[in-house]
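# A look at the structure
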Amino acid sequence: METPIVKASRPPWNKEKLVGQKRPFKLKEIWAIRVRLQISCRTRELALFNLGIDSKLRACDLVKLHVRDVASGDRTAARANVVQQKTGRPVQFELTQPTREAVSAWIVQAHLRGEDFLFPSRVSASPHLGTRQYARIVDSWVTEIGLDSAAYGTHSMRRTKASLIYRRTHNLRAVQLLLGHSKIESTVRYLGIEVEDALEMAEQTDA
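These notes cover the structure that comes with them. Just so you know, these numbers come straight off a predicted model, no measurement behind them.

The rules behind each value
- Residues numbered from 1 in each chain as written.
- Predicted model: local features only at pLDDT ≥ 70, side-chain atom pairs only at ≥ 80, totals over all residues.
- Heavy atoms only, no water.
- Buried < 20%, exposed > 50% of the residue type's maximum accessible area, 1.4 Å probe, protein only.
- Helix = DSSP H or I, 4+ residues; strand = E, 2+ residues; numbered from the N terminus.
- Pairing = 2+ DSSP bridges.
- Lys, Arg positive; Asp, Glu negative; His and termini not counted.
- Salt bridge = Lys/Arg side-chain N within 4 Å of Asp/Glu carboxyl O.
- Polar contact = N/O pair within 3.5 Å; in protein donor to acceptor, adjacent residues only side chain to side chain.
- Contact = heavy atoms within 4.5 Å.
- Arc of directions from axis to C-beta.
- Expected span 1.5 Å × (residues − 1).
- Patch = residues over 30% accessible without salt bridge, like charges linked within 9 Å, V, L, I, M, F, W, Y side chains within 5 Å.
- Areas by Shrake-Rupley, 256 points an atom, 1.4 Å probe, with all protein chains shown as cover.

### Concerning the pairing of strand S3 (residues 79–83)
Going residue by residue along S3, you find Ala80 and Val82 tucked away on one face and Arg79, Asn81 and Val83 left uncovered on the opposite face. The sheet contact formed by S3 and strand S4 (residues 90–94) spans 5 bridges and is antiparallel. Across the sheet, valine 82 pairs through a bridge with valine 91, a residue of S4. Between S3 and S4, which pair antiparallel one after the other, the connecting turn spans 6 residues, and glycine 88 there sits at a positive phi close to 75°.

Written as structure tokens, this is what we have:
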């Protein structure tokens, strides 16, 4: 009688990892990262960080941007329109002055043309920055300013400006449009509004 072969079970992918929605960055954390990138003259990363915050795009859409999506020549536009890979729906976003300056500086430094990917990969097998590469870069930013990298990620980049806008305006419809969600319920869940509001009230209440 043959002895049955027992396959060793793999440990779950999330073992000893913090799983759940990634935190958005606070204003002081945004500036802490931005200043570090400026001081160290990391032009590519500064453009990536600023554009990631402003665009509110998913990682898969951000890394596939072409120069022509956000600029004409080395002149970066104030607004851009991109079709989302996940939903097939167009979404418009604004580029603030610091972002336009950072992106233009990167285009000039990298000698990019309109048809080029905005963030070419440094790995020959890929024409543009990959989502895993992007995730590692975000992790490095988080670690540099002393935050827990397990609590932040590429979704932190997408959530940050949307969260800031909601906290200032409480206009869910505006945030829904900016994120390109088809349903307002998706925006509520994405921002974790009920939980965040409850925690904020708890912080302001003395026991």
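### Some remarks on the side chain of arginine 58
Note on placement: arginine 58 falls in the loop between helix H2 (43–55) and helix H3 (59–62). Although arginine 58 is buried, it makes no salt bridge; aspartate 61 carries the closest opposite charge, 4.4 Å away. Within polar-contact distance, the side chain of arginine 58 engages the side chain of glutamine 84 at 2.9 Å. Excluding residues within four positions of it along the chain, arginine 58 makes contact with Gln84, Lys86, Thr87, Arg158 and His181.

### Quick notes on the pattern of salt bridges
In the structure shown here, the tally under the stated rule is 7 salt bridges. Residues glutamate 94 and lysine 161 are paired through a salt bridge, measuring 2.7 Å at the closest nitrogen-oxygen approach. Here glutamate 94, found in strand S4, pairs with lysine 161, found in helix H7 (residues 154–169); they are 67 residues apart in sequence, far enough to count as distant. Beyond isolated ion pairs, a larger network of salt bridges with shared partners links Asp54, Lys56, Glu94 and Lys161.

### Observations concerning helix H8 (residues 172–179)
Along H8, the positions that sit buried rather than exposed are Val175, Gln176 and Leu179. Along the axis of H8, the buried residues cluster in a sector spanning 105°; they form a single face. Glycine 180 lies just past H8 and shows a positive phi near 75°.

### As for helix H6 (residues 131–144)
Given a rise of 1.5 Å per residue, 14 residues ought to cover 20 Å, and the 20 Å separating the end C-alpha atoms of H6 matches this to within 8%. Listed as buried for H6 are Gln133, Tyr134, Ile137, Val138, Trp141 and Val142. Contacts made by the buried residues of H6 are with helix H1 (27–39), H2, H3 and H7. Count one or two residues on from H6 and you reach glycine 146, which has phi positive near 80°.

### Quick notes on a nonpolar patch on the surface
Among the surface-exposed residues, Leu27, Trp31, Val35 and Ile39 lie close enough to one another that they form a single nonpolar patch of about 400 Å² accessible area. Along the chain, the position of isoleucine 39 falls in helix H1.

### Digging into the side chain of serine 55
Here serine 55 shows up in helix H2. At 2.8 Å, the side chain of serine 55 and the backbone oxygen of leucine 51 are in polar contact. Other than its neighbours up to four places away in sequence, serine 55 contacts Leu62 and Phe93.

### Section: unusual backbone geometry
Even without glycine at this site, lysine 56 takes up a positive phi of about 60°. Residue position: lysine 56 is located in the loop between H2 and H3. With relative accessibility at 1%, the residue lysine 56 sits in the buried group. Phi is positive for histidine 111, close to 55°, though the residue is something other than glycine. Examined against the element boundaries, histidine 111 turns out to sit in the loop between helix H5 (97–110) and H6. The class of histidine 111 is exposed, set by a relative accessible area of 67%.

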